[in-house]
Amino acid sequence: MFLSLVSRGAGGWSPQVTDRHPWLQLDLRDRIEVTAVATQGRYGGSDWVSGYLLLFSDTGRAWKQYRQEDGVGRFVGNVNADGVVHHKLSHSIRSRFLRFVPLDWNPSGWVGLRVEVYGCAYKSDVADFDGRSSLLYRFNQKSMSTVKDVISLRFKSRQAEGVLLHGEGQRGNYITLELHRARLALYLNLDDTRLRFSSGRVAVTLSSLLDDQHWHSVLIERFNKQVNLTVDTHTQHFRTKGEGDSLEVDYELSFGGIPLPGKPGTFLRKNFHGCMENLYYNGINIIDLAKRRKPQIYSGNVTFSCSEPQLVSTTFLSSSSSFLSLPATLSASGGFAVRFQFRTWNPDGLLLSTRLALEPQRLELQISNSRLRLTHHMSAQQKEEVSTGEGQQVNDGLWHSASLSSRGLQVTMTLDNEPSSTMELGDHMEAGDSLYFGGCPSLNVSGCENPTLAFQGCMRLFSINSQPMDLNLVHQGQLGDYKELQFDTCSIHDRCLPNFCEHGGQCSQSWSCFYCDCSGTGYTGATCHNSIYEASCEAYRLTGSSSGYFSIDPDGSGLLGPTQVYCNMTENKVWTVVTHNSTDPVRVQGSTLQNPYIMKFNYSASPEQLMALVSGSEQCQQEVMYSCRKSRLFNTRDGSPLSWWVDQGGERRTYWGGFLPGVQQCSCSLEENCMDMNYFCNCDADTDSWSNDTGVLSYKEHLPVSEIVIGDTNRTGSEALYRIGPLRCYGDKSVWNAASFYQESSYLHFPTLQAELSADISFYFKTSAPSGVFLENVGLKDFIRVELSSPFAVTFSFDVGNGPVVLAIKSHVPLNDRQWHYVRAERSVKEASLQVDQLPLRFLEAPSEGHLRLRLNSQLFVGGTAARQRGFLGCIRTLTINGVTFNLEERAKMTPGVSAGCPGHCSGSSSLCHNSGRCIEKNSGYVCDCSQSAYGGPSCKEGVSVSFNRESSVTYTFQEPFSVMQNRSFQASSVYRGNSRARESMAFIFMTTQSPAMLLTVSTFSQQYIAVILARNGRDTSRIITVGFNPLNSQFNPAWLCVFFTPPYTEFISIKSLTLGKVTVDTMDEEVMQAGSKGFIGCLSSVQFNHMAPLKAALLNRASSLVSVRGHLVESNCGALADSTIFHSQSGEEFGRGRGPLRNASQSNYAVIGGVVSAVVFISLCVVVVMTRFLYQHRQTRRDASIKEKEHRTNLETAYRREAAYRAEPAYRTEFRLHDSHSSTLNDNREYYI
């Protein structure tokens, strides 16, 4: 059926021009299931509506706004008077009244509307529960046992609490469906008596704001332990608790409450207060049975028509200009009393303001920091305040009742049913002429002022001096005044449903937007989409890191989380080492094939992370050490295995070395050196002496080893000894996976991009062409595209249904210079961003009301478009989308016009330029650009080192406020690469015998700082994290590296300067100032802060206004000596004496500091001289201090020259990576010892 409001020949609906808020309301005479609407403009004129809201109601009073699938409330209307715009509703409306609210119309005309509504008749069985009633459905037998259940119903509730359904059995089975804090909670348990009386029952909760007095649908589907819970359009899948598969309920199911056995009318929990319809239990219509008075149904105080309460709400739309003014009626007893209810998400907002009879006094009731606060303003400077308790937060989206009353010399504030707060007054209090709710008029009327923000939310049930206020009179202009209000509806919307925060991020919200707290997740960004860790050890090496323990995220922004590995960065290869729970040799005896010895290996990474690591590596291997005595690996008669290992996929493997999985052989057979050539393994010779079949497994598709089974150690004198080494992989196949495009019409195509809600795209390119499309994917209307739009600009554009969005970054140098350039584009429901090389990040916030999903249906085109126009000419490598690296080389091998790989010296995986140096192609070779590296020389391997004395310091001043946490400032310094990862890193090498010593200080424009201090040992470390340095020479007292910073670190966003050595400013803590005044005596080398090299800049640009040098600096080669020592020490430590890295690590002082600061400290033995430590005494004369300082520097220089003769004092390479943990709860300065 359809209903139309169409005038033939002429006409249509058009309101009067004087109507402030026009709307068109339809009465469908009965509840209709509406499936679509269509609109036209007014016939024969220039009046039409170009955008509108659709509201619905059962009674014509309490309205609810219809929202489409993405939560979009706005409907697109007409562009002329005659065209028809049709909208099929994503979910139908079952209602009697519809209201069309025009938002925009023809600017050259006026509002004009013709509508058509499509739908069908809707019939239902309804039951009304008054909060004390229930329905009981009694079974024909004593109990009902089911393995499959389907329960469906629709309800609308007047309260936020109440039981909808309950049933239980004597064996511990139970099912309870109830409203709790306006959310739906389902408790379901099968055959577990331990949980029956447990207070720790776990509920599956779904949806919110279910106490809005509108219909909501519920569907519960269960098969064995698998359950689907659907509320309206949201579904959650879960498995039940308990040991069984059937739900066994005794005697009855109750609906609307949980009656107490033997006590009619008494209930265990709060009953449901509202209406239910179409209540079905496994196909049985419960309400129909109750209406027909069937004997299996007991209906207590239930009626079969839905009563409609007159709880009419008003929405305050604007946080700056909304207000409601009501007259203050006289009170017979003097004073005044005000009561109302409100609900909101905002932590701040004015609720009520009134002038008092004694001017200029006034009262303000407001929400401040999520709590209710009452303020009595006695004068411009004098005021008195009372607030509710810490735990009484009112911005939770629930209805709260607030009342304010005065009696005598007291005014009382009450929130809900909590104890009241009282304020003493100096005189009797009487309210002024008007009470202002939610905000104040724009003009300062009667002293009303918005303290911070106006209220944004819903209010209802206004009562002034015990007289209820009729808001219909306000709406009609007969009572009070208002602005920016929406009557007869509460337009609150849960923006955390569904939760768009990824990777476990916690969602919170205000009235207009949501926020994600990414603390502790390992991810960052507006929706916790981006990993703060690199994807591989190879990626860490390219950032200039040295060997050590790192957290890697193999799939980046994908579903897999980060894991900790050891990165062994040798000169030629980068090894990723993953250990397991049994790295020590294990002796096995007494096992047989029928009762074998079994050991399962638990790795420090999950199976999914291991699979991602292995598949992304060029090569992996794992050593299997197996020694035996009278213990065979294979049966000598039929060759069947007596022992085996299990691969990552759970398959049994019987080869014990090499990369040929189909051959049952050991390494000795592959190398043709078995002790008995009649056998393929040494152990199969079955001798009384010890034999060895150690080998290296290198077929990476089978790695790592997940389990080992040994079955022949039960004979006399029989035993085996095995050890499974750690998984070791090298290479990152994605880093140099490249394709070359040499025809404009050529492209690579991949499956449709799966990026409805979020997409991050990153790649490198180099080209000589002036323009070209890097990639494109389109849908019917939506699209996403990244392109080189000109020689100087990269453009990121997309459309999700709100109109095209374009972000562009322009470079001051050409991007078609045949050098590698980095591009990263990201789009989420919160924002979009674009990054090119180290240029300032460009970002754009998404509209709070709009379409969210990017709907694509074509193939993803890389290097071109479907139209074969504007194709890219050049090289693209390391293309990664949402954590998945695309294999460009494999696809290029079968595509004409595209070749695998990329020509040039700088296109391979070999590191021609070190320490973050950039390789630049030349016609006859290459050069290394070391401008962003702390090192110099042809290959960026020569450290830049300076010897400091006590008065020396180097200060580098940034050109402008340097955003290090948000990375969103368009004015950010061009030297910073805002890669949208909230992570900052410092690295340097130092050598000193001074303690304490000030090494490095970073200060901001807001008086915040980070200080890195070498402190004395023996301090109280009760509130700090410590990892001690352990010099090998006993004549050196241990020292600690201490990092101070001012919290909250998330606000550390505008860096002013960086200082090495002595600091004289007085804005730091006393302890930091003491260390800063003593400066630093020794050598600093290769200092790196993010992509800045301040020490290098000071030496090369001493005349620059950005560099300030104090005291005497001497360029030195101490850094080269220390760096060389560090390399040799680290390269020999990883597998000392055949042990895995974690075994060594347990005996070392290496540590990873998590939380707000992550620090990886690489400590190694340096080949240098034994230095004499001179104690510096504060009370000595300046002459003595000068003599000692000179003597100290002489000893240091002597030590550098005599390094070949001594091996005593360690040089330290220190590397910090500071991550934004989004934790701003620190209230004092913190220090971290490393």
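Owing to the predicted nature of the structure, the values given are computational and were not obtained by experimental measurement. (Residues numbered from 1 in each chain as written. Predicted model: local features only at pLDDT ≥ 70, side-chain atom pairs only at ≥ 80, totals over all residues. Heavy atoms only, no water.)

### Overview of the overall build of the protein
Within the protein one finds eleven helices and 87 strands. Among the 1234 residues that make up the protein, the fraction classed as buried is 55%. Once local pairs closer than 6 in sequence are excluded, the contacts in the protein between residues at least 24 apart make up 72%. Surface summary for the protein: the accessible area is close to 53,500 Å², and the carbon and sulfur share equals 48%. (Helix = DSSP H or I, 4+ residues; strand = E, 2+ residues; numbered from the N terminus. Buried < 20%, exposed > 50% of the residue type's maximum accessible area, 1.4 Å probe, protein only. Contact = heavy atoms within 4.5 Å. Areas by Shrake-Rupley, 256 points an atom, 1.4 Å probe, with all protein chains shown as cover.)

### Considering the sheet that holds strand β58 (residues 748-750)
Read from one edge to the other, the open sheet built from six strands follows the order β58-β67-β60-β61-β62-β63, with strand pairing classed as antiparallel. Looking at which strands have only one partner, the edges of the open sheet turn out to be β58 and β63 (805-810). Averaged over all pairs of adjacent strands, the angle between strand axes in this sheet comes to 15°, irrespective of strand direction. As paired strands, β58 and strand β67 (residues 860-862) are joined by three bridges and run antiparallel to one another. Residue pairing for β67: Leu-748 is matched across the bridge by Val-862. (Pairing = 2+ DSSP bridges. Axes fitted to C-alpha atoms, helices over the stretch in contact; angles between N-to-C directions.)

### Examining the pattern of salt bridges
Scanning all chains against the criterion turns up 45 salt bridges. Close ionic contact of Asp-149 with Arg-222 constitutes a salt bridge, the shortest N to O distance being 2.8 Å. Pair noted here: Asp-149 is in strand β10 (residues 148-157) and Arg-222 is in strand β15 (residues 216-223), with a separation of 73 residues, a long-range link. Among the residues examined, Arg-222 registers a relative accessible area of 3% and is labelled buried. Across the pair Glu-385 and Arg-373 runs a salt bridge whose closest N-O atoms are separated by 3.9 Å. On the criterion of sequence distance, the pair formed by Glu-385 in strand β31 (residues 383-387) and Arg-373 in strand β30 (residues 371-377) is long-range, its members being twelve residues apart. (Salt bridge = Lys/Arg side-chain N within 4 Å of Asp/Glu carboxyl O.)

### Looking at helix α4 (residues 607-616)
Within the span of α4, buried status applies to Gln-609, Leu-610, Leu-613 and Val-614. Burial along α4 is one-sided: seen end-on, the buried residues are contained in an arc of 130°. Here the buried face of α4 lies against β44 (548-552), β45 (563-569), β46 (574-578), β49 (619-629) and β56 (727-730). (Arc of directions from axis to C-beta.)

### A look at the environment of Asp-799
Residue position: Asp-799 is located in strand β62 (residues 793-799). We classify Asp-799 as buried; its relative accessible area is 11%. Filtering out sequence-adjacent residues up to four positions away, Asp-799 remains in contact with Lys-781, Asp-782, Phe-783, Pro-804 and Leu-854. Reaching out from Asp-799, the side chain makes a polar contact with the backbone nitrogen of Gly-801 at a distance of 2.8 Å. (Polar contact = N/O pair within 3.5 Å; in protein donor to acceptor, adjacent residues only side chain to side chain.)

### A word on the confidence of the model for the protein
Of all residues in the protein, 81% have pLDDT values of 70 or greater, and the mean over the chain is 80. Here residues 1123-1210 is a poorly scored stretch, pLDDT under 50, and it has 176 contacts once near neighbours within four places are set aside; other chains count. Segment residues 1219-1234 is flagged for pLDDT under 50; beyond a separation of four residues in sequence, or across chains, it makes 74 contacts in the model. (pLDDT = per-residue confidence, 0-100.)

### Some words on the state of the cysteines
Under the criterion given, the structure shown has 14 disulfides. The disulfide partner of Cys-501 is Cys-516, and the gap between their sulfur atoms is 2.0 Å. Across the disulfide from Cys-501 to Cys-516, rotation about the S-S bond amounts to roughly -90°, and the bridge is consequently left-handed. Of this pair, Cys-501 sits in the loop between β39 (485-487) and β40 (506-509) while Cys-516 sits in strand β41 (residues 514-517), and the two are 15 residues apart along the sequence. As far as burial versus exposure is concerned, Cys-501 and Cys-516 are alike and both buried. (Disulfide = S-S within 2.5 Å.)

### Some points on the sheet that holds strand β50 (residues 643-646)
Strand order in this open sheet of four strands is β48-β54-β50-β51, and the pairing throughout is antiparallel. The strands lining the two open edges of the sheet, one partner per strand, are β48 (597-600) and β51 (652-653). Sheet analysis places β50 next to β51, joined by two bridges and oriented antiparallel. Within β51, the position partnered with Trp-645 by the bridge is Arg-653.

### Some details on helix α7 (residues 1070-1078)
For α7, every residue scored as buried is listed here: Val-1072, Met-1073, Ala-1075, Gly-1076 and Lys-1078. Looking one or two residues past α7, Gly-1079 carries a phi angle of roughly 65°, positive in sign.

### With respect to the packing of aromatic side chains
This model, assessed by the stated rule, comprises 34 aromatic pairs. Consider the rings of Trp-575 and Tyr-730, whose centres lie 4.9 Å apart with planes at 70°: the pair is edge-to-face. With Trp-575 in strand β46 and Tyr-730 in strand β56, this pair connects stretches of sequence that are 155 residues apart. Residue classification places Trp-575 among the buried positions, given a relative accessible area of 11%. With relative accessibility at 18%, the residue Tyr-730 sits in the buried group. Consider the rings of Tyr-764 and Tyr-822, whose centres lie 5.0 Å apart with planes at 50°: the pair is tilted. Taken together, the residues span a long stretch of sequence, with Tyr-764 in strand β59 (residues 759-766) and Tyr-822 in strand β64 (residues 821-827) at a distance of 58 residues. Joined through ring pairs, the aromatic side chains of Phe-316, Phe-340, Phe-342, Phe-437, Phe-455 and Phe-462 make up one cluster. Against the face of Trp-23 rests Arg-99, its NZ or CZ located 3.7 Å from the ring centre. If you follow Arg-877 out to its NZ or CZ, it ends over the ring of Trp-736, 4.1 Å from the centre. (Phe/Tyr/Trp six-rings, centres within 6.5 Å; stacked < 30°, edge-to-face > 60°. Lys NZ or Arg CZ within 6 Å of the ring centre and 35° of its normal.)

### So, the side chain of Ser-1085
Looking at where Ser-1085 falls in the secondary structure, it is placed in strand β82 (residues 1082-1089). Judged by its relative accessible area of 0%, Ser-1085 is buried. There is a polar contact of 3.2 Å between the side chain of Ser-1085 and the side chain of Ser-1086.

### Concerning the pairing of β31
Here β30 pairs with β31 via five bridges, running antiparallel. Across the sheet, residue Thr-375 finds its bridge partner in β31, namely Glu-385. Count of turn residues in the β30/β31 antiparallel hairpin: five residues.

### Observations regarding the nonpolar core
Counting 43 residues, the largest nonpolar core has Val-578, Tyr-626, Leu-633, Trp-656, Tyr-722 and Leu-727 as its most contacted members. With four residues, the single largest contributor to this core is β49. Leaving out residues up to four positions away in the same chain, Tyr-722 has contacts with Ser-582, Asp-584, Pro-585, Val-586, Val-588, Tyr-597, Met-599, Phe-601, Met-625, Tyr-626, Ile-708 and Ile-710. Judged by nonpolar contacts, the second largest core, of 41 residues, contains Ala-759, Phe-798, Val-823 and Ile-876. (Core = buried A, V, L, I, M, F, W, Y, C linked by side-chain atoms within 4.5 Å.)

### A look at the pairing of strand β25 (residues 313-316)
Of the two faces of β25, the one carrying Ser-313 and Thr-315 and the one carrying Thr-314 and Phe-316 are both buried. Inspection of the sheet shows β25 paired to strand β36 (residues 457-464) by four bridges, in the antiparallel sense. In the sheet register, Ser-313 faces β36, and the bridge partner there is Arg-460.

### Observations regarding the environment of Gly-864
Relative to the elements of secondary structure, Gly-864 occurs in the loop between β67 and β68 (874-881). Gly-864 sits 92 residues away from Gly-772 along the chain, and the two C-alpha atoms are 7.4 Å apart. Other than its neighbours up to four places away in sequence, Gly-864 contacts Ser-746, Tyr-747, Val-773, Phe-774, Glu-776 and Gly-871.

### Side note on the environment of Gly-520
Along the polypeptide, Gly-520 turns up in the loop between β41 and β42 (523-524). A relative accessible area of 81% means that Gly-520 is categorised as exposed. When the C-alpha positions of Gly-520 and Gly-504 are compared, they lie 9.1 Å apart, and in sequence the two are 16 residues distant.

### What to know about the side chain of Ser-95
With respect to the helices, strands and loops of the structure, Ser-95 is situated in strand β6 (residues 85-105). Relative accessible area serves as the criterion here: at 1%, Ser-95 is assigned to the buried category. A polar contact of 3.4 Å, which involves the side chain of Ser-95, links it to the backbone oxygen of Phe-97. Dropping the residues within four chain positions of it, Ser-95 is found in contact with Leu-28, Asp-30, Arg-31, Ile-32, Phe-56, Ser-57 and Asp-58.

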